[in-house]
Amino acid sequence: MERSDVLVVGGGIIGCATAYYLAKAGAKVTVLEASENIGDGGSSRNGGGVRQSGRDPRELPLVMYGIKNLWPHLSEELSVDCEYHQDGNLRLGKNEKHRQILQGLTDRAVAVGLDVRMIDGDEVRKINPYLSDEVTVASWCPTDGHANPLTTTLGYYKSARALGVHFITAEPVNAIKKVRGKIVGVTTPDGDFEADTVVLAAGYASRPLAAGVGIDLPMQKRLIEALVTEAQPHMFDQMLGTAEADFYGHQTKHGSFVFGGSSGLEPFNTDDGRPVTSSLTAPCICRGIMKYFPDLADAKIVRTWAGWIDPSADGVPILGTVEENPGLILACGFTGHGFGIAPAVGDQLAKLITTGKTDVDLTPLHYSRFHAKI
Amino acid sequence: MKCNRYDLLVVGAGPAGLSAAIEAASHGLSVVVFDENARPGGQLFKQIHKFFGSKEHRAKIRGFRIGQQLLAEADEKGVQVVLNATVIGLYQDRELVVRIGDAIHHVKGDAILIATGASENMVTFPGWTLPGVMGAGAAQTMMNLYGVKPGKKVLMLGSGNVGLVVSFQLLQAGCEVVALVDAAPKIGGYGVHAAKVARCGVPFFLSHTIKKAEGDDHVTGVTIAQVDEHFQFIEGTEKHFDVDTICVAVGLSPMSQLLKMAGCEMEDNPKRGGQVPICDDHGRTSIPGIFVAGDVSGIEEASSAMIEGRMAGTAISEYLGYLDHEAEETEMDTLDHDLAGLRQGMFAPANRGKKITETEEGIPISTNLLTKGFVSDEEIERFPGVTHSKGIHPVMECTQNIPCNPCQDACMQHCIKIGDHITALPAVNPDSTCIGCGMCVASCPGQAIFLVNEDVGDGSAEVTIPYEFLPLPEKGTKGIALGRSGQKVCEAEVVGVRTAKAFDETHLLTMRVPKEYAGRARFFRRAEV
Amino acid sequence: MANDRSRDIGPFTEQPDDDMIICRCEEVTKGEIRRAVHEGMYTIPEIRRYLRCGMGLCQGQTCAKLVKGIVARELKVSPAELTPATSRAPMRPMEMHILAKEEEDGTI
């Protein structure tokens, strides 16, 4: 039996960042990861967006806090090249319906204090001359950007490990343990792990674990796909997305382009227990890319992959304390956009656990927000 | 999405894939074979040497001709072979996505056979990324498919059959092979393959490996050094060679990625060469409907790949109901027997890593052959193929138990006896009389049979050797005879050159040497002009 | 515990051939791979994600076995104990415009 101050369930970027900031604050932390690899879920499969625009106002303050305070010096902090670029995000539209979606998102973000504005096709192509004429409208947020999810996740892991955080992989948690009304740890096939606080950061796998202590988290598990090209000459530094959130990506420091996209069939894709790709999705993503960037038609695709996202019922994370279960902290339901917000989540949860206070109000993300519509 | 549909999709038109396709099509399945290369046949079309084995294994036929035979059979059975077809992935529900031309196709099969073969391993040493360092298989492709010499002076690393066979082919292509090097203490491949390289004068350095490749923008030299039993370099044993090419033949790895992508249970099995699917003896993987054959399920060679292909083709035919269970069992029994025949002898998979000190006949094996590449003049006398008698007679310098017997059938006079046990060493039948036809010489895939007349009357002897080099010396050409070690033993003159369709490009060169050298002269080199 | 990321694998010591390139496509050296192991990258996928080795045009066809051997030696385990990287389509790098063009009716 191992005893720590805090036990983190899930070795993705949320778990690793939380463990890192906790250890930095002096806590004794153990991280249990079910897979053989650190960061094996969405953390190593996402498009690398470090983005505020396009987000729900309830999570905007948290991601804005991270982009202001944490991302700019994260590479130095973690002694790893996070490849962070703050060169703006273009959220693209092709028609009136898209314009309306983008306008709504922009209005709501401006209300929270974000510097984001609507621009027309010509201005889009001044920012990114490679975009095709199909793009007629976009939202432009100059403080958005992108980073390398692989090195950032493993950077948090490496730095947390160096601070003494005990990581154990291939260690699936069977259940959260509750004694006399208080969370006291977890059980695994290898035995019990005890801690004063348990952070549940296991993506969709958080749902059955929380259910074990009587908390239902309305989340789904959905398989989405992305791909990467061979290295190309440098073209642009912005992060890209679309009004319908069906296409996103950027050019990496390495020169390759990482693009995610949708076939439209995602909710109905099947799998064999592994995050397998569908034969239909990559061709569809390629057609999507070529409509936006005809110049990339000859770029070679070197890899395609799939990963599960954990969409919550209202599309924003489930974060913070659970009053019915003292000692339990939730950090899940990131709905496919957990990467950019992860440093802020880790930082704020560490503060919440060690001081009981946070800089950003997490109340709008509390799990108790879910209600029936009538 | 509309799909093309077949009973069976085969990935890889090599010996395993084609054999499976032929077998399945002969039972009535609709079969398509995809191969990413412009030519079918896998590695067969660069195998210019004669294959070992027995008749059932297509022994003594050159690899590329076996490829031609398989293609003709596939065509006859209605198998569709699609070339320049790159399989992109093996998706759920037995779906392949294949690139053909400038588009992709979705193709579904009720069964899928993966026969993608293997790729070459690499070793690292300082300078290993310099141009001029290449896989032995790559060198073979350059020479035998594209007619390009990989270099002028070559060092070969690796003494398995690939390293030995390619070294000989490099010599045939007119390259100089400066050394054959292996970190292991003994030669890994067939002794007969080593012997034909050694008698051309190539030195073997066992317990040696490459310390560094030299050169700025391409290989200009190489330094090798001896290693101890822990494969650590021994100071002061360095040897330098000026070379422009370093060939690396250090094994193959199964190209099993498609199976892994599909979710087949895999294992890391060093005996099979790396990541392989877990499968039964007839190629059934853990996923129903997905089968494997050939090197992708474990590194062996083309002859066993062809049998494995037929086994998988049979199993698939039964799986899809084109063959009843009883017929399948009968067919499988024969194939099991054929495969077992190939997997015997000193080099059998079961004997890997074992130290063998004597032959099945109880004869101490040649230690020189294992370390220097040739049987010494003293050692050779103890083997049953080597006898002395009046008049012309065959001398079979076959000293290891390998599954191979074409020589026995080649001799119409029944001078050569192997018996039913295919790995037995060939022995001379004292009751038969050799007529010097030379069929045995040409039939031996190891080029280990010679015709010797120890005394032709004027103090000379005549030795007939297999010869596969161009230009062919003419009758009357003077030169020197080389011994098994590749060293000069005496002056020699070519007194006969025989070429026949039945010899299949193996020429028979008869040289006259002083009679005291009859037992030592084993290769001819023309005098420098 | 095999998956205990705090277990002692000994200190990182420099070796004379640390500057030798192992992954040619992405130009990753032996020293970088060895150092990454000591920084906690104990699995092949982590090494790939951290250093990009095996993620280039050849997708690790040449270096996968070499990297596995180096990581295993550093961890003092058998290479067979290390799970190799996932196989991902396309098996060969494929131009975007080709992957984008699906022949629906074309016979092969």
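Residues numbered from 1 in each chain as written. Chains lettered and ligands numbered in written order. Predicted model: local features only at pLDDT ≥ 70, side-chain atom pairs only at ≥ 80, totals over all residues. Heavy atoms only, no water.

1. Notes on the overall build of chain A
Counting secondary structure elements, chain A contains 9 helices and 18 strands. The C-alpha atoms of chain A give a radius of gyration of 20 Å, which matches the 21 Å a tight globule of 374 residues would have. Relative to its 374 residues, chain A shows a buried fraction of 60%. Taking as baseline every contact in chain A between residues at least 6 positions apart, the subset at least 24 positions apart corresponds to 72%. For chain A, the accessible surface area stands at approximately 13800 Å², while carbon and sulfur atoms represent 52% of it. (Helix = DSSP H or I, 4+ residues; strand = E, 2+ residues; numbered from the N terminus. Rg over C-alpha atoms; globule rule 2.2 N^0.38 Å. Buried < 20%, exposed > 50% of the residue type's maximum accessible area, 1.4 Å probe, protein only. Contact = heavy atoms within 4.5 Å. Areas by Shrake-Rupley, 256 points an atom, 1.4 Å probe, with all protein chains shown as cover.)

2. Topic: empty space enclosed by the protein
All names here are of chain B. Taken as a whole and judged by the stated rule, the model has 7 cavities of 30 Å³ or more. By volume, the largest cavity is sized at about 150 Å³. Together, 15 residues line the largest cavity, and Gly191, Val192, Ala195, Val375 and Glu397 are the ones closest to its centre. Residue contributions to the lining of the largest cavity peak at 3 residues, all from helix α5 (residues 191-198). Looking at the lining of the largest cavity residue by residue, the classes come out as 8 nonpolar, 3 polar and 4 charged. Each pocket or cavity is described by its volume, and for the second largest cavity that value is around 110 Å³. (1 Å grid on protein atoms, 1.4 Å probe; cavity = no way out; pocket = protein on both sides within 12 Å on 5 of 7 lines; lining within 4 Å. Points joined across faces, edges and corners; volume = space filled by probe spheres on them. Nonpolar A, V, L, I, M, F, W, Y, C, P; charged D, E, K, R; others polar.)

3. Topic: the interface of chain B and chain C
In this complex, chain B contributes 41 residues to the contact, which on the side of chain C involves 31 residues. Surface buried jointly by chain B and chain C totals about 3100 Å² across both partners, of which 58% is contributed by carbon and sulfur atoms. It is B:Ile88, B:Ile104 and B:Trp128 in chain B that bury the most area against chain C; as a group they hold 18% of the surface buried on that side. Applying the counting criterion to the chain B and chain C interface returns 4 salt bridges. A salt bridge links C:Glu95 to B:Arg99; its shortest N-O distance comes to 3.7 Å. In this structure, the connection of chain B to chain C is made through 15 residue pairs in polar contact (both at pLDDT 80 or more). Those elements that provide at least two residues to the side of chain B that touches chain C are β1 (4-11), β3 (80-82), β4 (85-91), β5 (95-100), β6 (103-114), β16 (252-254) and α6 (257-262) of chain B. Split into classes, the residues belonging to the side of chain B that touches chain C amount to 20 nonpolar, 15 polar and 6 charged. (Buried area = accessible area lost by both parts, 1.4 Å probe. Salt bridge = Lys/Arg side-chain N within 4 Å of Asp/Glu carboxyl O. Polar contact = N/O pair within 3.5 Å; in protein donor to acceptor, adjacent residues only side chain to side chain.)

4. Overview of a negative patch on the surface
The grouping of B:Asp281, B:Asp324, B:Glu326, B:Glu329, B:Asp333 and B:Asp336 at the surface amounts to a negative patch. Relative to the helices and strands, B:Asp324 is located in the loop between α7 (302-319) and α8 (325-342). (Patch = residues over 30% accessible without salt bridge, like charges linked within 9 Å, V, L, I, M, F, W, Y side chains within 5 Å. Lys, Arg positive; Asp, Glu negative; His and termini not counted. Charge placed at Lys NZ, Arg CZ, Asp CG, Glu CD.)

5. Details of the packing of aromatic side chains
Residue and element names in this part refer to chain B. The full count for this structure, using the stated rule, is 20 aromatic pairs over all chains. When the ring of phenylalanine 52 is compared with that of tyrosine 190, the centres are 4.9 Å apart and the planes differ by 85°; the resulting orientation is edge-to-face. In this pair, phenylalanine 52 is assigned in the loop between β2 (31-34) and α2 (63-76) and tyrosine 190 in the loop between β10 (176-182) and α5, connecting sequence segments 138 residues apart. Relative to phenylalanine 523, the ring of tyrosine 467 has its centre 5.8 Å away and its plane inclined at 25°; by these criteria the two rings are stacked. Taken together, the residues span a long stretch of sequence, with tyrosine 467 in strand β24 (residues 460-467) and phenylalanine 523 in strand β28 (residues 523-526) at a distance of 56 residues. For tyrosine 467, a relative accessible area of 8% puts it in the buried group. In this structure phenylalanine 523 comes out as buried when scored by relative accessible area, which is 6%. Positioned above the aromatic ring of phenylalanine 450 is the side chain of arginine 522, whose terminal nitrogen or guanidinium carbon lies 4.9 Å from the ring centre. (Phe/Tyr/Trp six-rings, centres within 6.5 Å; stacked < 30°, edge-to-face > 60°. Lys NZ or Arg CZ within 6 Å of the ring centre and 35° of its normal.)

6. Things to note about the pattern of salt bridges
All names here are of chain B. Throughout the structure, instances matching the rule amount to 52 salt bridges over all chains. Aspartate 504 is the partner of arginine 65 in a salt bridge, and the nearest nitrogen-oxygen pair spans 2.5 Å. With arginine 65 in helix α2 and aspartate 504 in the loop between β26 (488-498) and β27 (507-514), the pair connects residues that are 439 residues apart, well separated along the chain. Its salt-bridge partner being lysine 488, residue glutamate 491 comes within 3.0 Å of it at the nearest N-O pair. On the basis of relative accessible area, lysine 488 is assigned to the partly exposed category, the value being 48%. By sharing partners, the salt bridges in this structure join Asp377, Glu397, Arg484, Arg520 and Arg522 into a single network.

7. A closer look at the side chain of B:Gln408
All names here are of chain B. Tracing the backbone through its elements, the reader meets glutamine 408 in helix α10 (residues 406-410). Here the side chain of glutamine 408 touches isoleucine 418 through a polar contact of 2.6 Å, landing on its backbone nitrogen. In terms of polar contacts, glutamine 408 uses its side chain to reach the backbone amide nitrogen of glycine 419, at 2.7 Å. Aside from chain neighbours lying at most four places away, what touches glutamine 408 is Ile416, Lys417, Ile418 and Gly419.

8. Quick notes on the domain arrangement of chain A
All names here are of chain A. Along its sequence, chain A is organised into domain 1 (2-51 + 150-217 + 314-369) and domain 2 (89-142 + 222-309). Inter-centroid distance (C-alpha atoms) of domain 1 to domain 2 is 29 Å. Facing the 8 residues of domain 1 at the interface are 12 residues of domain 2. For the pairing of domain 1 and domain 2, the buried interface totals around 750 Å² over both sides, and the portion due to carbon and sulfur atoms is 62%. When the buried area of domain 1 at its contact with domain 2 is split by residue, Arg45, Gly47 and Arg51 rank highest and sum to 66% of it. Taken together, the links from domain 1 to domain 2 amount to 0 salt bridges. Taken together, the connections running from domain 1 to domain 2 amount to 3 residue pairs in polar contact (both at pLDDT 80 or more). Considering only residue class, the side of domain 1 that touches domain 2 consists of no nonpolar, 6 polar and 2 charged. (Domains from an automatic or database assignment.)

9. Here we look at the pairing of strand β17 (residues 318-321) of chain A
Residue and element names in this part refer to chain A. The pairing of β17 with strand β18 (residues 328-332) spans 4 bridges and is classified as antiparallel. Note that in β18 the partner of isoleucine 318 across the bridge is cysteine 332. What sits between β17 and β18 in their antiparallel hairpin is a turn of 6 residues, with glycine 327 showing a positive phi close to 100°. (Pairing = 2+ DSSP bridges.)

10. Side note on the sheet that holds strand β15 (residues 245-248) of chain B
Residue and element names in this part refer to chain B. If you trace the 5 strands from one edge of the open sheet to the other, you get β8-β15-β9-β10-β11, paired in parallel fashion. The outermost strands of the open sheet, each flanked by one partner alone, are β8 (133-135) and β11 (204-206). Strand-to-strand twist across the sheet, computed as the mean angle between neighbouring axes with direction ignored, equals 20°. Pairing of β10 with β11, which is carried by 3 bridges, proceeds in the parallel orientation. From the neighbouring strand, valine 181 faces β11, where its bridge partner is phenylalanine 205. Contacts from helix α3 (residues 136-144) reach β8, β9 (153-157) and β15 within the one sheet, and its direction differs from that of β8 by about 85°. (Axes fitted to C-alpha atoms, helices over the stretch in contact; angles between N-to-C directions.)

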